[in-house]
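# Chains, contacts and geometry: an overview
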Amino acid sequence: AAKADGGDGFVFYTREMTERAMARLRLEASLRAATERRDFELAYQPKIDAATGALTGFEALLRWRLDGMPVSPMEFIPVAEDTGLILDIGAWVLEEACRTASRWALDHGPLPIAVNVSARQLADSSFADLVESTLRRNGTAPELLEIEITETVIMKNVLHHLPTLNRLRGLGVRIAIDDFGTGYSSLAYLRQLPVDVLKIDRSFVTDLPHAPDIASTVIALAQRLKLSTVAEGVETLEQRRWLAEAGCDRLQGYLISRPVSADAAEAMVMAAFARQDMALTG
Ligand code: C2E
Ligand code: MG
Ligand code: MG
Ligand code: MG
C-alpha cells in the first residue's frame, strides 16, 4: 500500500503503466486475430496531375476497425511492426492492391496503385519474390504497382536495401520515397538509388505558400535527378496553385479527395476513362 504523503503519485504512476501495458497487449491480441481473419480494408486516395487535374493513380491505405471503431494506422502499424505481424498484413495489402489494380485495368483502364511498405517488410530477403509472385498470381502489369518507402527507412540502411530495390525496379515496379525531406538523405545515395518518385512530406506542403523553401528545393532536386514529384497533404487551393506553378508533377490531399472506399475509388476510375472515351469519340 502507498503512503499518504507522496506515495499516491507512485501508485498512480505504476497503475497507469500497468493499464498501458494491458491495453497494448489487448491491441496486440486483437491485431493478431484480425490478421488471421484478414479483417482489414484498403482505402484509396487519388493522386492527380498537377497541371491538368487528371486522375493518375491511387495510394492504398490500410484500415482496421476494432469493435466497429476505426484504429489509426499511426497506432496499429507500429504494433504490427514490433510483433512481425506486418509481414502477413503487408502481404495481404500487396495482394489486395494488385488484385484491384488488375481488375480496374480490365474493366476501365490502367491506373497504378501505390502500396506502403515498412522496414520489416523491406528487410525480408524474400520481399522481392513476394512482389513478383503477387503480380504474377493476379495478372498485374508491374507498372500498375508502386512501392512507397519512407525516406528514413531507405536511408537508414541504404546499402542493405539496395539489392531488393534493384530487384523491384528490375520487375518494372516503380519506387517512391515517402515523407521526403523529414529524414536525412545522402545526396550521393539518392543519385544511385533506383527510385522514380519523391513524395514531398505534408509538413512542407502545409507551409505553402508562405514558407516555400523546402518544397522548391525538393522539386528542383527531383528535376535535376529526373525523378517525378508528388506533393502529399494538399489541403488548400493556394497550395495547389503554388505546387502546379512550381512544377510539382502530381498532387494528393484532402483538397482533391480524402482516402475513399474501393467502390468510390472505382467510380473515379470509371469516370476518368469514360471522359477519355468521350474525348476520343467526340
Ligand atoms: P503516409 O504513407 O505518408 O500516408 C499519408 C497519410 O496522410 C495517410 O494517413 C492519409 O490519410 C493522410 N492524408 C492524406 N491527405 C491528407 C491531407 O490533406 N491532410 C492530412 N492532415 N492528412 C492527409 P493514414 O491513412 O492514417 O496513414 C498514416 C501512415 O500509416 C501512412 O503515412 C503510412 O506510413 C502508414 N500506413 C498506412 N497504410 C499502410 C500499409 O498498408 N502498410 C504500411 N507499412 N504502412 C501503412
Ligand atoms: Mg505513403
Ligand atoms: Mg507520405
Ligand atoms: Mg506522411
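Below or above, wherever it landed, is the structure these notes cover.

Calculation notes
Residues numbered from 1 in each chain as written. Chains lettered and ligands numbered in written order. Predicted model: local features only at pLDDT ≥ 70, side-chain atom pairs only at ≥ 80, totals over all residues. Heavy atoms only, no water. Helix = DSSP H or I, 4+ residues; strand = E, 2+ residues; numbered from the N terminus. Buried < 20%, exposed > 50% of the residue type's maximum accessible area, 1.4 Å probe, protein only. Contact = heavy atoms within 4.5 Å. Near = heavy atom within 4 Å. Polar contact = N/O pair within 3.5 Å; in protein donor to acceptor, adjacent residues only side chain to side chain. Areas by Shrake-Rupley, 256 points an atom, 1.4 Å probe, with all protein chains shown as cover. Axes fitted to C-alpha atoms, helices over the stretch in contact; angles between N-to-C directions. Nonpolar A, V, L, I, M, F, W, Y, C, P; charged D, E, K, R; others polar. Pairing = 2+ DSSP bridges. Parallel < 35°, antiparallel > 145°, perpendicular 65-115°, else oblique. Left-handed = near helix turned anticlockwise from the far one by under 90°.

Along the backbone of the protein chain there are 12 helices and 9 strands. Seen through its C-alpha atoms, the protein chain measures out along the principal axes to roughly 80 × 45 × 40 Å. A buried classification covers 42% of the 282 residues belonging to the protein chain. Taking the contacts inside the protein chain whose residues are at least 6 apart along the sequence as the reference set, 69% of them involve residues at least 24 apart.

Put simply, L208 and P209 share a cis peptide bond, and its omega is 0°. Checked against the element boundaries, P209 lands in the loop between α9 (202-206) and α10 (213-224). Of note, R38 is a non-glycine position whose phi angle comes to about 55°, a positive value. The residue R38 is located in the loop between α1 (7-37) and β1 (41-49) in this model. The residue K226 is not glycine, and still its phi comes out positive at about 60°. Relative to the helices and strands, K226 resides in the loop between α10 and β8 (228-231).

Before going further, it helps to spend a moment on the site of ligand 1. The environment of ligand 1 is formed by 22 residues, the closest being R63, N116, D178, E235 and Y254. One nitrogen or oxygen atom from the side chain of D178 is found 2.9 Å from an oxygen atom belonging to ligand 1. Within the backbone of Y254, one N or O atom sits 2.8 Å away from an oxygen atom of ligand 1. Protein burial of ligand 1: of its 800 Å² of free accessible surface, 85% is covered by the chains. Secondary structure elements with two or more residues in the shell around ligand 1: β2 (55-66), α2 (73-83) and β6 (174-180). The leading source of residues in the shell around ligand 1 is β2, at 4 residues.

Contact geometry for α2 and helix α3 (residues 85-107): axes closest at 5 Å, N-to-C directions at 115°. Residue-level contacts link I77, A80, E81 and T83 of α2 to L85, I86 and I89 of α3. Of the residues that constitute the contact of α2 with α3, the class distribution is 5 nonpolar, 1 polar and 1 charged.

This part takes up the pairing of β1. With 7 of 9 residues buried, β1 is to be regarded as a mostly interior element. Where β1 meets β2, 8 bridges bridge the pair, whose relative direction is antiparallel. Residue pairing for β2: L42 is matched across the bridge by L62. Here β1 folds back onto β2, and the loop between the two strands holds 5 residues, one of which, G53, carries a positive phi near 80°. Pairing of β1 with strand β9 (residues 250-251) involves 2 bridges; the strand directions are antiparallel. When the sheet's bridge partners are listed, D49 is paired in β9 with R250.

Bringing the packing of helix α5 (residues 127-137) against helix α7 (residues 158-171) into the picture now. In contact at an axis separation of 9 Å, α5 and α7 are set at 15° when each is read in the N-to-C sense. With respect to each other, α5 and α7 are oriented roughly parallel. α5 and α7 meet at a crossing whose hand is right-handed. Every residue of α7 that contacts α5 at F127, A128, D129, V131 and E132 is listed here: T164, R167, L168 and L171. Partitioned by chemical class, the residues of the contact of α5 with α7 number 5 nonpolar, 1 polar and 3 charged.

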